[in-house]
Amino acid sequence: KKCSVSILGHATSLSLEEPFWAELKKIAAAKKISLNALIAQIDEAKISSNLSSAARIYVLRTLQKKK
C-alpha cells in the first residue's frame, strides 16, 4: 500500500505492506507521537536511501526487542 506522508514540510511516499503500516501505527501510538513524526524519525536515522526499506527494518527491530 502506498501512502503519502509529510516529513519536515516536504511530501514523500512509502510503499509498505498492510501489516507494516499496522505495526507502524501501533508503535506511533505507544510512543504518543503521530505516524508522520515516527516516519520522520525513521527517515532521519536511516542508513540506506530507501525509506520503505528503513521502515520495514525499524518495525522488525522493534518487534524483535519485544521478545
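The preceding data block contains the structure.
Every value quoted in this text rests on a predicted model; they were computed, and no experiment measured them. (Residues numbered from 1 in each chain as written. Predicted model: local features only at pLDDT ≥ 70, side-chain atom pairs only at ≥ 80, totals over all residues. Heavy atoms only, no water.)

(A) Local environment of the packing of aromatic side chains. Under the criterion given, the structure shown has 0 aromatic pairs. Against the face of Phe20 rests Arg56, its NZ or CZ located 5.9 Å from the ring centre. (Phe/Tyr/Trp six-rings, centres within 6.5 Å; stacked < 30°, edge-to-face > 60°. Lys NZ or Arg CZ within 6 Å of the ring centre and 35° of its normal.)

(B) Representation of helix α3 (residues 51–66) within the structure. Compared with the 22 Å implied by 1.5 Å per residue over 16 residues, the 23 Å span of α3 between its first and last C-alpha is a close match. Those residues of α3 lying buried are Leu51, Ser52, Ala54, Ala55, Val59 and Thr62. Taken end-on, α3 shows its buried residues confined to a sector of 160°, consistent with a single buried face. For α3, the secondary structure elements touched by its buried residues are β1 (2–7), β2 (10–15), α1 (18–31) and α2 (35–45). If you check the start of α3, you find a side-chain oxygen 3.0 Å away from the backbone N of Ser52, and it comes from Asn50. (Helix = DSSP H or I, 4+ residues; strand = E, 2+ residues; numbered from the N terminus. Expected span 1.5 Å × (residues − 1). Buried < 20%, exposed > 50% of the residue type's maximum accessible area, 1.4 Å probe, protein only. Arc of directions from axis to C-beta. Contact = heavy atoms within 4.5 Å. Polar contact = N/O pair within 3.5 Å; in protein donor to acceptor, adjacent residues only side chain to side chain.)

(C) Region of interest: the pattern of salt bridges. Evaluation of the coordinates by the stated rule reveals 3 salt bridges. Of the charged contacts, one joins Arg56 and Glu17 as a salt bridge, the two residues approaching to 3.0 Å between their closest N and O atoms. Of this pair, Arg56 sits in helix α3 while Glu17 sits in the loop between β2 and α1, and the two are 39 residues apart along the sequence. For Arg56, a relative accessible area of 23% corresponds to the partly exposed category. What makes Glu17 partly exposed here is its relative accessible area of 40%. The partner of Glu23 in a salt bridge is Lys26, with the nearest N and O atoms 3.4 Å apart. Placement of the pair is Glu23 and Lys26 together in helix α1, with a separation of 3 residues, close to one helical turn. (Salt bridge = Lys/Arg side-chain N within 4 Å of Asp/Glu carboxyl O.)

(D) Structural view of the environment of Leu14. Structurally, Leu14 can be placed in strand β2. Separated by 31 residues in the primary sequence, Leu14 and Ala45 have C-alpha atoms spaced 16 Å apart. The residues touching Leu14, leaving out its near neighbours within four places in the chain, are Lys1, Lys2, Cys3, Val5, Trp21, Ile39, Leu51, Ser52 and Ala55.

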